[in-house]
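Descriptive structure summary
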Amino acid sequence: MPAQPVADGLFTWPADQPRLIGSRCRECGVVTFPAQRSCPRCTSVDVEERLLGRTGTLYTWTVQGFRPKPPYAGPEEFEPYGVGYVELPGEVLVETRLTVADPDRLRIGMAVELVIVPFGDQVTYAFAPSEGDAVDASRA
Amino acid sequence: MSAPEVAIVGIGIHPFGRHDGVSGRAMGVHAVREALGDAGVGWSDVDFAFGGSRDGGNADAMVADLGLTGLPFVNVRNGCATGGSALVAASNAIRAGAGDLGVVVGFDKHAPGAFGSDPAAYGLGAWYGETGLMVTTQFFALKIQRYMHDHDITGAALARVAAKAFRNGARNPNAWRRRPLSEEEILAAPMIAHPLTQYMFCSPGEGGVALVLARADQASRYCDRPVHLRSAVIRTRRFGSFEVFSPGLALERADSPSVDAARAAFAQAGIGPEEVAVAQVQDTEAGAEIVHLAECGLCKDGEQEEWLARGVTDIDGALPVNTDGGCLANGEPIGASGLRQVYEVVAQLRGRAGERQVPGDPRVGFTHVYGAPGISACTVLSR
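Nothing here was measured: the structure is a model prediction, and the numbers come from that model.

Focus: the pairing of strand E8 (residues 111-119) of chain A
On a regular strand, one side chain projects to one face of the sheet and the next to the other, so that they alternate. Residue and element names in this part refer to chain A. Pairing of strand E5 (residues 55-64) with E8 involves 3 bridges; the strand directions are antiparallel. Within E8, the position partnered with Thr55 by the bridge is Glu113. For E8 and strand E9 (residues 122-129), the ladder comprises 8 bridges, and the chain directions are antiparallel. From the neighbouring strand, Val115 faces E9, where its bridge partner is Ala126. Hairpin connection of E8 to E9: 2 residues between the antiparallel strands, including Gly120 at a positive phi of 60 degrees.

Remarks on the nonpolar core
A general trend in soluble globular proteins is that nonpolar side chains are found buried together. Counting residues in each nonpolar core, the largest one holds 52 residues, and the members touching the most others are Leu158(B), Ile186(B), Val276(B), Ile290(B), Leu298(B), Leu319(B) and Phe366(B). If near-sequence neighbours (up to four positions away) are discounted, Leu319(B) is found in contact with Val276(B), Ala277(B), Val278(B), Ala279(B), Leu298(B), Trp307(B), Val312(B) and Thr313(B). Of all hydrophobic cores here, the second largest spans 48 residues; its members include Leu93(A), Met110(A), Phe127(A) and Phe140(B).

Quick look at the interface of chain A and chain B
Each partner contributes residues to the interface: chain A has 42 residues there, and chain B has 38 residues. Summed over both partners, the interface of chain A with chain B comes to about 3,200 Å²; 64% of that surface belongs to carbon and sulfur atoms. At the junction of chain A with chain B, the criterion picks out 1 salt bridge. Note that Arg41(A) and Glu252(B) form a salt bridge whose closest N and O atoms lie 3.7 Å from each other. Those elements that place two or more of their residues in the side of chain A that touches chain B are E5, strand E6 (81-88), strand E7 (92-98) and E9 of chain A. Looking at the side of chain A that touches chain B, its residues break down into 27 nonpolar, 9 polar and 6 charged. For E7(A) and strand E9 (residues 248-249) of chain B, the ladder comprises 2 bridges, and the chain directions are antiparallel. Residue pairing across strands places Leu93(A) opposite Leu249(B), the latter belonging to E9(B).

Quick notes on the sheet that holds strand E4 (residues 101-109) of chain B
All names here are of chain B. Read across the open sheet, the 9 strands follow the order E3-E2-E4-E7-E1-E8-E12-E11-E10; overall the sheet is mixed. Bordering the open sheet on either side are strand E3 (73-75) and strand E10 (278-281), each of which pairs with just one other strand. In this sheet, neighbouring strand axes are inclined to one another by 20 degrees on average, regardless of whether the strands run parallel or antiparallel. Across 8 bridges, strand E8 (residues 227-236) lies against strand E12 (residues 375-382) in antiparallel orientation. Within E12, the position partnered with Thr236 by the bridge is Ile375. Where helix H3 (residues 82-95) meets the sheet, its contacts fall on strand E1 (6-17), strand E2 (48-52), E4, strand E7 (206-215), E8 and E12, and the angle it forms with E2 comes to roughly 165 degrees. Strand contacts of helix H12 (residues 334-349): E1, E2, E4, E7, E8, E10, strand E11 (364-371) and E12, with the helix running at about 170 degrees to E11, the strand carrying the most contacts.

A word on the packing of aromatic side chains
Two descriptors summarise a pair of aromatic rings, namely the distance from one centre to the other and the angle between the planes of the rings. Per the stated rule, a full pass over the model turns up 17 aromatic pairs over all chains. Taken together, a centroid distance of 6.4 Å and an interplanar angle of 65 degrees make the contact between Phe11(A) and Tyr125(A) edge-to-face. Pair noted here: Phe11(A) is in the loop between strand E1 (4-5) and strand E2 (21-25) and Tyr125(A) is in strand E9, with a separation of 114 residues, a long-range link. Residue classification places Phe11(A) among the buried positions, given a relative accessible area of 4%. When the centroid spacing of 6.0 Å and the interplanar angle of 15 degrees are considered together, the rings of Tyr72(A) and Tyr81(A) count as stacked. Neither Tyr72(A) nor Tyr81(A) differs from the other in exposure class; each is buried. One aromatic cluster is present, built from ring pairs that chain together Tyr59(A), Tyr85(A), Phe139(B), Phe140(B), Phe242(B) and Tyr370(B).

Details of the packing of helix H6 (residues 155-170) of chain B against helix H9 (residues 286-295) of chain B
Residue and element names in this part refer to chain B. Direction vectors running N to C along H6 and H9 enclose 100 degrees, while the axes themselves pass 8 Å from each other. Taken as axis vectors, H6 and H9 run roughly perpendicular relative to one another. Of the residues in H9, those in contact with Ala157, Leu158, Val161, Ala162 and Lys164 of H6 are Ala286, Gly287, Glu289 and Ile290. Counted by class, the contact of H6 with H9 contains 6 nonpolar, 1 polar and 2 charged residues.

As for H12(B)
All names here are of chain B. Between its first and last C-alpha, H12 extends 24 Å over 16 residues, near the 22 Å set by a 1.5 Å rise per residue. Counting buried residues in H12 gives 16 out of 16 residues, a clear majority hidden from the surface. Residue Gly351 follows H12 closely and has a positive phi angle near 75 degrees.

Concerning the pattern of salt bridges
Pairing is possible between side chains that carry opposite charge, provided their charged atoms lie close to one another. Within this structure, the stated rule accounts for 26 salt bridges over all chains. Where Arg179(B) meets Glu185(B), a salt bridge forms, and the shortest distance between an N and an O atom there is 3.7 Å. Note on Glu185(B): relative accessible area 33%, which makes it partly exposed. Taken together, the shared-partner salt bridges connect Arg24(A), Arg26(A), Asp46(A) and Glu48(A) into one network.

The rules behind the values
- Residues numbered from 1 in each chain as written.
- Chains lettered and ligands numbered in written order.
- Predicted model: local features only at pLDDT ≥ 70, side-chain atom pairs only at ≥ 80, totals over all residues.
- Heavy atoms only, no water.
- Pairing = 2+ DSSP bridges.
- Helix = DSSP H or I, 4+ residues; strand = E, 2+ residues; numbered from the N terminus.
- Core = buried A, V, L, I, M, F, W, Y, C linked by side-chain atoms within 4.5 Å.
- Buried < 20%, exposed > 50% of the residue type's maximum accessible area, 1.4 Å probe, protein only.
- Contact = heavy atoms within 4.5 Å.
- Buried area = accessible area lost by both parts, 1.4 Å probe.
- Salt bridge = Lys/Arg side-chain N within 4 Å of Asp/Glu carboxyl O.
- Nonpolar A, V, L, I, M, F, W, Y, C, P; charged D, E, K, R; others polar.
- Axes fitted to C-alpha atoms, helices over the stretch in contact; angles between N-to-C directions.
- Phe/Tyr/Trp six-rings, centres within 6.5 Å; stacked < 30°, edge-to-face > 60°.
- Parallel < 35°, antiparallel > 145°, perpendicular 65-115°, else oblique.
- Expected span 1.5 Å × (residues − 1).

Pasting the structure below:
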């Protein structure tokens, strides 16, 4: 049996090509993540589910350098992890863990893609550098 | 008949920092007594009070210590804008004729370390906290990283902000961090959230601040140098602003609540940002001061780099900012933090700021707080 997602309704799983689950306002077209039942822009409640694109660009990033307080449920043995906002073109910016935690290998504007990664005995979503757009740390 | 104007006629503070064995409420009571003494009035003269605390208990419980006079005492709980919100409410009460003399008080006492936050309290799924995305320090790093990219701000500017804060804190007997730190020490400290090091962040702490408000036309009864509260404004975020605790953000960027609150505060006061002689802006971390200076209209985006290099925001600069050491040197007891800024501006405008007094007899001051989940409160004060 595959590992369970950290939350229902966050991403499609199990799936060969997993997608984040957002919502789209039928009135004004605004896309939100996670899915919500009303539109934060035009206040409409006429919204539909939308599976988001799998690739985007890194809008901004940081590296979490200390173990957060509860409710953080990551491993006791703390390893710094990357965090960023990824711009999914024409859709929305998504806050996400990054598979890379080395500042020399992260830059604004780099191409990234959705991956599903282990988190304890569950799985969560993250973004990883797209093939061919990984930053060469030796040149950064 | 037009609504009465509002003046601040008394200020009180309990020193910020760590005070074992002293409750948050006791620090609030200390601040209220000092503010009443400053105004030359007693608790029984007070018509109403507004107060708040995040972790220090109910503000209105302090009537047990101050006196059971039966006055209306409203508790305010509005995150980092708790003090600002209490001030807005008290100011409106005076304008509405609900009383002539009011007290505003904020205090807090937080456990050491970065704040932990409950996703459910913000309408967010548990997964957001569990997977390590709901961390305020992270948000500030994400925001300044993008801002530095867009406006050519360097790490040296971040270090300069922090070094200034600790320099100013060393001159402030009520500050927590009173040891100056060099830019080199600040840059070499452990990285908390890239590009921000440990000494670029403020810490949750303890402290209390109180203000006595009066009708401006009666202020001379209490104080020989009353400071006029020309405006006090709170705003929440609009669609498209880049805010803390946001699993998703809109593609389009809108002005932050700080922009909205500052603009409205200046408009209501009939005073422009160029007239400000001393300013306190939220410096949860060094980058926040840089961003907020521009968001509040005090400088242009990108101008901060040169300003910091030239010392424009130093106590003897053209626009002194966070003259009491800000959140960086005082720590952040949430309920008290916004009122600390007002306390500092009032002290400066009265010419009573001691070793950290801004030269040149400043007449106009400004305060700004920002907090989760995208709120801001600003005031414009003048003598």
